[in-house]
Amino acid sequence: MDSLLFLCARRVVDHRPLPALPADLYHVLFQAAFLDGRTLVLRDLVATWPFPLLHLQRLVGHRQVLRDHPCNLCVQAVIQAVVAQLRQELEKPECNFRWVLEFWHGHNLQSANSSVHLCRSGPPGVDVHTDLFVDRRTYKILRDALQAGAASPLRLKCREFKAVDISASEIVTLLESLDPSCLRRVELCFNNLGLSGLSVILPHLSRFPELRSLKVRYSNVDVRHLMPKSAMRIRSVARQLGMLPSLRELNLGSSQLSGNLRQILCDLQAPLESLELAFCSLVPADLAFLTQSIHAPALKKLDLSGHDFSQGLLEPLRLLLEETSASLLHLDLMDCYMDDSNLEVLLPTLLRCSRLRFLGLYGNSLSTAALKDLLQKTLELVDLHVVVYPVPEDCYKPDQQESGWDFVVDKELLTAATAEISQILENSGRTDLVWTYNPCVHGALDYFSL
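Residues numbered from 1 in each chain as written. Predicted model: local features only at pLDDT ≥ 70, side-chain atom pairs only at ≥ 80, totals over all residues. Heavy atoms only, no water.

- An unreviewed UniProt entry lists the protein chain under the name LRC14 protein, with Catharus ustulatus given as the organism.

This is the structure:
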């Protein structure tokens, strides 16, 4: 339900021109005008904005109703008003002006913490700090905008760059158009790059001295069956990774690296703090390399989801966790085929991870009894705040389908199991600790928030 103040604001923005307004009413009037699609009122408010900061997401992004609200015209009105204001500021001999904007792609926020900073240090111009998302549909628009902006006083400074389903050459074209000064993350997803495409892109990343995070996921990188040519490409990839001195996070999710992790990481100049190798077909030798590497004692985040730790990989995993225990904050072992006995082997080592904040065990075959034991024993980990656990094995029941027998969740048994877990949490006084079997409720910790 809207507050009385907001309801009054909606009445005020019904009439234009607006009367003289105290500064403390601007935020609520902006929200009301945006929600009601009052584009001219929005332009008036921007033109007389009394604060040094206008953060569009903070003003309206939290309102649930905007999820389905057609806001393109409102965003366009705000941008047009900002541009007009910037032109006025650029004509002044001195100016100290900062504006923060958020832009929507469809109905989803795709550019976070975007800011416009106007200054006169050197040639007049405007620095626009933004995160960029590009896919097949938006590639040409972004390419043309970046190339046109090269000679413009409006200087685009990208902080995080994400490309989905475009070619290696198109990614290179965009990277070459970016200002090298502040890019901190590159994320490449579903681009079908292969090892050859990755070796084309990596040389262009060395011009970004602040690059700390590289994510290459679902990009068809497969180094399992090495031929002489692919072995040369692995060496090339390793050398190029070694030329990224600030790199601290690497995600190679769903790459097929079996037995070749050492060859990929061998030239890195500094230890990684976040390493995500989910569904990468790792073998014991890969985990042994990590355990003995410079990376293990520095790792804050480790994702080894999608590996079978029920047999030969379990002891290499335990040894790796021993080495990471002093630094590890986030551990994800989703869909790792672990049962109660496997968890029992790992538990003493997990308890030595004294700084652990997040533990992901979703998709493993664990019983209610094993989960309750895990809960009781990990209560001593005072920094642990989120545990994503699997639906207990004993909460399934057989169900006959047309194709044969299957297993479905018994809701009554699951309700009883979650009640027991909740009771243990309540009795322990750990109200800050969340245990959930829903992997979508609490997302993975972002490296930059660790």
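Regarding empty space enclosed by the protein
It is a probe the size of a water molecule, rolled over the atoms, that shows where empty space is left.
Alright, step 1. Evaluated as defined, the whole model comprises 1 cavity of 30 Å³ or more.
Alright, step 2. Reported here for the largest cavity is a volume of approximately 60 Å³.
Alright, step 3. Taken together, L198, L214, V216, V221, V237, L241, L252, S255, L257 and I264 make up the full set of residues lining the largest cavity.
Alright, step 4. Only strand 6 (213–217) and helix 9 (228–241) provide two or more residues apiece to the lining of the largest cavity. (1 Å grid on protein atoms, 1.4 Å probe; cavity = no way out; pocket = protein on both sides within 12 Å on 5 of 7 lines; lining within 4 Å. Points joined across faces, edges and corners; volume = space filled by probe spheres on them. Helix = DSSP H or I, 4+ residues; strand = E, 2+ residues; numbered from the N terminus.)

Looking at the confidence of the model for the protein chain
Alright, step 1. When pLDDT is averaged along the protein chain, the result is 87, and 87% of the positions lie at 70 or above.
Alright, step 2. Note that pLDDT drops below 50 for residues 104–121; the model gives that stretch 75 contacts with residues more than four away or on any other chain. (pLDDT = per-residue confidence, 0-100. Contact = heavy atoms within 4.5 Å.)

Looking at the environment of L275
Alright, step 1. Its location among the elements puts L275 in strand 8 (residues 274–276).
Alright, step 2. Expressed as a C-alpha distance, the spacing of L275 and E249, which sit 26 residues apart in the sequence, is 5.9 Å.
Alright, step 3. Excluding anything up to four places from it in sequence, L275 contacts L250, L290, L299, K301, L302 and D303.

Considerations on a negative patch on the surface
Alright, step 1. On the surface, D339, D340, E344, E393 and D394 cluster together to form a negatively charged patch.
Alright, step 2. By the secondary structure assignment, D339 is in the loop between strand 10 (330–332) and helix 13 (340–351). (Patch = residues over 30% accessible without salt bridge, like charges linked within 9 Å, V, L, I, M, F, W, Y side chains within 5 Å. Areas by Shrake-Rupley, 256 points an atom, 1.4 Å probe, with all protein chains shown as cover. Salt bridge = Lys/Arg side-chain N within 4 Å of Asp/Glu carboxyl O. Lys, Arg positive; Asp, Glu negative; His and termini not counted. Charge placed at Lys NZ, Arg CZ, Asp CG, Glu CD.)

What to know about helix 6 (residues 139–149)
Residue pairs spaced three or four apart in an α-helix point in one direction, given the helix's 3.6 residues per turn.
Alright, step 1. Along helix 6, the positions that sit buried rather than exposed are Y139, L142 and L146. Projected down its long axis, helix 6 carries its buried residues within an arc of 75°, all on one side. Residues of helix 6 that are exposed and angled more than 90 degrees away from the buried face: K140, I141 and A148. (Buried < 20%, exposed > 50% of the residue type's maximum accessible area, 1.4 Å probe, protein only. Arc of directions from axis to C-beta.)

Topic: the packing of aromatic side chains
Alright, step 1. Summed over all chains, the structure comprises 8 aromatic pairs.
Alright, step 2. Measuring from ring centre to ring centre gives 5.7 Å for Y26 and W49, while their planes differ by 85°; the resulting arrangement is edge-to-face. Of the two residues, Y26 sits in helix 2 (residues 26–35) while W49 sits in the loop between helix 3 (39–47) and helix 4 (56–61), which places them 23 residues apart along the sequence.
Alright, step 3. By relative accessible area, which is 9% here, Y26 ends up buried.
Alright, step 4. Using a relative accessible area of 9% as the deciding quantity, one classes W49 as buried.
Alright, step 5. Between F30 and W49 the ring centres are 5.7 Å apart and the planes differ by 75°, which places this aromatic pair in the edge-to-face class. Of this pair, F30 sits in helix 2 while W49 sits in the loop between helix 3 and helix 4; the two residues are 19 residues apart in sequence, bridging distant segments of the chain.
Alright, step 6. On the basis of relative accessibility, which here comes to 0%, the residue F30 falls in the buried class. (Phe/Tyr/Trp six-rings, centres within 6.5 Å; stacked < 30°, edge-to-face > 60°.)

Focus: the nonpolar core
Alright, step 1. Counting 87 residues, the largest nonpolar core has F161, L277, L304, F309, L333 and W435 as its most contacted members.
Alright, step 2. It is helix 7 (residues 168–176) that contributes the most residues to this core, 5 residues altogether.
Alright, step 3. Formed by 28 residues, the second largest nonpolar core is a distinct cluster that contains Y26, W49, L59 and V75. (Core = buried A, V, L, I, M, F, W, Y, C linked by side-chain atoms within 4.5 Å.)

Looking at helix 9
Alright, step 1. End to end, helix 9 covers 20 Å across 14 residues, agreeing with the expected 20 Å (1.5 Å per residue, within 8%).
Alright, step 2. Lining the buried residues of helix 9 we find helix 8 (194–201), strand 6 and helix 10 (261–265). (Expected span 1.5 Å × (residues − 1).)

Describing the packing of helix 7 against helix 8
Alright, step 1. Contact geometry of helix 7 with helix 8 gives a least axis separation of 9 Å together with a crossing angle of 15°. Judged by the angle between their axes, helix 7 and helix 8 are roughly parallel. At the point where helix 7 passes helix 8, the crossing takes the right-handed sense. From helix 7, A168, I171, V172 and L175 reach across to helix 8, where they touch G197, V200 and I201.
Alright, step 2. Here the contact of helix 7 with helix 8 is built from residues that sort into 6 nonpolar, 1 polar and no charged. (Axes fitted to C-alpha atoms, helices over the stretch in contact; angles between N-to-C directions. Parallel < 35°, antiparallel > 145°, perpendicular 65-115°, else oblique. Left-handed = near helix turned anticlockwise from the far one by under 90°. Nonpolar A, V, L, I, M, F, W, Y, C, P; charged D, E, K, R; others polar.)

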